[in-house]
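Take a look at the letters that make up each chain.
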Amino acid sequence: MMRSRFSLLLISCSLLMCIFVGVCHGGELRKKFYKESCPLAEDIVKNITWTRVANNVTLPSKLLRMHFHDCFVRGCDGSVLIDSTSNNPAEKEAVPNLTLGGFDVIEEAKTQLEKTCPGVVSCADILALAARDAVSFQFNKSMWEVLTGRRDGRISRQSDALANLPTPFFNFTALKQSFSSKGLTVTDLVVLSGGHTIGIGHCNFFSNRLYNFTGKGDQDPSLNSTYAATLKSQCKTLTDNTTFVPMDPGTFLSFDANYYKVLKLNQGLFQSDAALLTNKGASNIVDELASSNKFFTEFAQSIKRMGAIEVLTGSVGEIRKKCNVIN
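Residues numbered from 1 in each chain as written. Predicted model: local features only at pLDDT ≥ 70, side-chain atom pairs only at ≥ 80, totals over all residues. Heavy atoms only, no water.

J.: Explain the overall build of the protein to me, and be specific about the residues and the numbers.
T.: In terms of regular secondary structure, the protein is built from 14 helices and two strands. Taking 2.2 N^0.38 as the reference for a compact globule, 327 residues should give roughly 20 Å; the C-alpha atoms of the protein span a radius of gyration of 20 Å, in line with that estimate. Long-range contacts, defined as pairs at least 24 residues apart, comprise 75% of the intrachain contacts of the protein with a sequence gap of at least 6. Counting 35 positive and 30 negative side-chain charges, the protein places the averaged centre of each group 3 Å from the other. (Helix = DSSP H or I, 4+ residues; strand = E, 2+ residues; numbered from the N terminus. Rg over C-alpha atoms; globule rule 2.2 N^0.38 Å. Contact = heavy atoms within 4.5 Å. Lys, Arg positive; Asp, Glu negative; His and termini not counted. Charge placed at Lys NZ, Arg CZ, Asp CG, Glu CD.)

J.: Let's hear about the state of the cysteines: which residues, and what values?
T.: Per the counting criterion, the structure on display carries four disulfides. Sulfur-sulfur distance for the disulfide between Cys38 and Cys117 comes to 1.8 Å. Remark: Cys117 occurs in the loop between helix H4 (103–116) and helix H5 (123–136) and Cys38 occurs in the loop between helix H1 (2–21) and helix H2 (41–55); sequence separation between them is 79 residues. We note that Cys38, like Cys117, is buried. Disulfide pairing is shown between Cys123 and Cys323; the S-S distance is 2.1 Å. Linking Cys123 and Cys323, the disulfide has an S-S dihedral of approximately -95° and is accordingly described as left-handed. You can see Cys123 sitting in helix H5 and its partner Cys323 sitting in the segment after helix H14 (292–306), a full 200 residues away along the chain. Exposure class is identical for Cys123 and Cys323. Each is buried. (Disulfide = S-S within 2.5 Å. Buried < 20%, exposed > 50% of the residue type's maximum accessible area, 1.4 Å probe, protein only.)

J.: Describe the nonpolar core, and please don't skip the residues or the numbers.
T.: Counting residues in hydrophobic clusters, the biggest one holds 70 residues, and the most contacted among them are Ile106, Trp144, Phe299 and Met306. For this core, the element with the most residues is H5, which contributes eight residues. Aside from chain neighbours lying at most four places away, what touches Trp144 is Leu64, Ala131, Arg132, Val135, Phe299, Ala300 and Ile303. Formed by 13 residues, the second largest nonpolar core is a distinct cluster that contains Cys203, Ala228, Leu231 and Val245. (Core = buried A, V, L, I, M, F, W, Y, C linked by side-chain atoms within 4.5 Å.)

J.: Can you break down helix H10 (residues 225–234) residue by residue, with the values?
T.: In an α-helix, one turn spans 3.6 residues; hence positions three or four apart end up facing the same way. Within the span of H10, buried status applies to Tyr227, Ala228 and Leu231. Taken down its axis, H10 places every buried residue within 100° of arc, on the same side. Away from its buried face by more than 90 degrees, H10 exposes Ser225 and Thr226. Where H10 is buried, its residues contact helix H9 (208–211) and strand E2 (244–246). (Arc of directions from axis to C-beta.)

J.: Any chance you could break down the packing of H2 against H4 for me, citing the residues and the numbers?
T.: The contact between H2 and H4 brings their axes to 10 Å, and the two run at 145°. By crossing handedness, the relation of H2 to H4 is classed as right-handed. Taken together, the residues of H4 that come into contact with H2 (itself represented by Ala41, Ile44, Val45, Ile48, Thr49 and Arg52) are Asp104, Val105, Glu108, Ala109, Gln112, Leu113 and Thr116. (Axes fitted to C-alpha atoms, helices over the stretch in contact; angles between N-to-C directions. Left-handed = near helix turned anticlockwise from the far one by under 90°.)

J.: Before we move on, can you summarise the environment of Leu113 with the specific residues and values?
T.: On the secondary structure map, Leu113 appears in helix H4. Given the relative accessible area of 1%, Leu113 is considered buried. Distance in space between the C-alpha atoms of Leu113 and Ile155 is 23 Å, their sequence separation being 42 residues. Discounting residues that sit within four places of it in the chain, Leu113 has contacts with Cys38, Ala41, Ile44, Val45, Pro118, Val121 and Ile126.

J.: Would you mind going over a nonpolar patch on the surface in detail, with residue names and values included?
T.: There is a patch of nonpolar side chains on the surface, built from Val95, Leu98 and Leu162 and spanning about 300 Å² of accessible area. Tracing the backbone shows Val95 in the loop between helix H3 (59–71) and H4. (Patch = residues over 30% accessible without salt bridge, like charges linked within 9 Å, V, L, I, M, F, W, Y side chains within 5 Å. Areas by Shrake-Rupley, 256 points an atom, 1.4 Å probe, with all protein chains shown as cover. Salt bridge = Lys/Arg side-chain N within 4 Å of Asp/Glu carboxyl O.)

In structure tokens form, the structure reads like this:
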């Protein structure tokens, strides 16, 4: 009898920890969370996202990156969407987030959902769905499952973004620690880095590899010399922060496994890309993911885990009326 009471006490404490701390990995996320409360929710997000992507081929990379930047800061709670106020610089103000884009897509979806079923669908869920749908447009089918039921956070701080987002300058040790702190594995690290198969990178986030790698005006010796020459022809100075280049030379608008193929040729754009080859285990995973089918399968699993980081569920957080301001 005492043992069963003790077990119940432990379960109750665990549930309370999930509710108050928000650390349940996955919380109460589930399939078709809005099936009863807003049956058309996922269709509305998909239709708006696909219409936008049809007219703007850069949106898949932007929305995927925004989802990543949201989840790594205070969990997947839509905090990256919140605007700054006069006394609070929000996550958007952090240097890594200054180049985010696609906020208008999220707002359009939210506006339509508020007309259809007010106060029901969270901005955090809209972002997770839109990221999936934007990437999936290319394939005319959903490329991974998005569990829903997230609620929106009420806190967004520039300092949190700076403290939690992995940078393009990280070595493997720093990358591993960053992902581990979010409950993600080395496999997740290598797989999610494959998101760099679409999109662009600004020169100032990698030009040190071209002009001043060790502080002596040198080039990163691990960077393919032909590729380095091509990059130098576009990024002409160490401080150029306006020019950008494809992260995946050749197929930067196509979500595919080409990232891993060019990485093996030492053509990873960022230091954090090249770092994946400096660890034997990670390098072996890079080899495996050069197959598109393997990459798609693994990406679907890893982004599902990422989408469950420190989510707010149940009665925690809120359902924002507008995604850029708290209620």
